[in-house]
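Coordinates in review
As a plain string of letters, each chain reads:
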Amino acid sequence: MNLYLIDVSSNPSTSQANETENQYPEVRIRQNPHIHHHVHDGVQTEHRPPPNWRTSIKMDEKLTICRIYYIAGFFLLPFFWLVNFVWHYNDAYLAEPFEEQPQFKRYVLRSGIGFVFWSVLLIGWVFYFQTQRNYYNWDYLTFNFPTGSA
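Residues numbered from 1 in each chain as written. Predicted model: local features only at pLDDT ≥ 70, side-chain atom pairs only at ≥ 80, totals over all residues. Heavy atoms only, no water.

Per an unreviewed UniProt entry, the recorded name for the chain is Gamma-secretase subunit PEN-2, and the organism is Aphis craccivora. Heading Sequence similarities (unreviewed entry) of the UniProt record for the chain holds this comment: "Belongs to the PEN-2 family." The record held by UniProt for the chain lists under Subcellular location (unreviewed entry) the comment "Membrane". (UniProt positions renumbered as here; feature names shortened; annotations may be inferred.)

Next comes the structure, spelled out in structure tokens:
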């Protein structure tokens, strides 16, 4: 499987000629230099570089982000705990051991527990409110007042 890059370049000497002929810039197709192709026994394999967005951040910076998201969850924002759990689970439990890993595990585990706790509490409250609102006349707690006429 060959992957190609499309190089669109506007050369000043050819731009005027392109404008008069077909209004499209010059396009050159070349092979992607970042993908290394190896042929072993007639089978071609690709070796791609790792995605840099996860590997370029240092572990102490990731720990700071993890701590900030953990603290933000206490301000009645349990979505931060979910994001913290999903983003940092691999670093906390699946990565090779490193110095900050025990702190990662603590923040990630507590974020997961906090999210589950708030989710159960919120779903329980919504269920209780929806099933008991007629009994306690809680319709006045909402902003829509059903009149009963069509």
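1. Re the overall build of the chain
What the chain contains, in helices and strands, is five helices and four strands. When the helices and strands of the chain are read in sequence order from the N terminus, they spell out β-α-β-β-β-α-α-α-α. In the chain, which comprises 150 residues, the share counted as buried stands at 19%. A separation of at least 24 residues holds for 41% of the contacts in the chain among residues at least 6 apart in sequence. (Helix = DSSP H or I, 4+ residues; strand = E, 2+ residues; numbered from the N terminus. Buried < 20%, exposed > 50% of the residue type's maximum accessible area, 1.4 Å probe, protein only. Contact = heavy atoms within 4.5 Å.)

2. Some details on the UniProt feature "transmembrane region" (unreviewed entry) in the chain
The feature "transmembrane region" (unreviewed entry), as annotated in UniProt, sits at residues 68-87 and 107-128 in this numbering. Secondary structure within residues 68-87 divides into 75% helix and 0% strand; the distance between the first and last C-alpha atoms comes to 13 Å. As a span, residues 107-128 carries 100% helix and 0% strand, and end to end its C-alpha atoms are 31 Å apart.

3. A word on the nonpolar core
Ranked by size, the top nonpolar core spans nine residues in total: Leu-63, Cys-66, Tyr-70, Trp-81, Ala-92, Phe-98, Phe-104, Tyr-107 and Val-108. Excluding residues that lie within four positions of it along the chain, Trp-81 makes contacts with Tyr-69, Tyr-70, Gly-73, Phe-74, Ser-111, Gly-114, Phe-115 and Trp-118. (Core = buried A, V, L, I, M, F, W, Y, C linked by side-chain atoms within 4.5 Å.)

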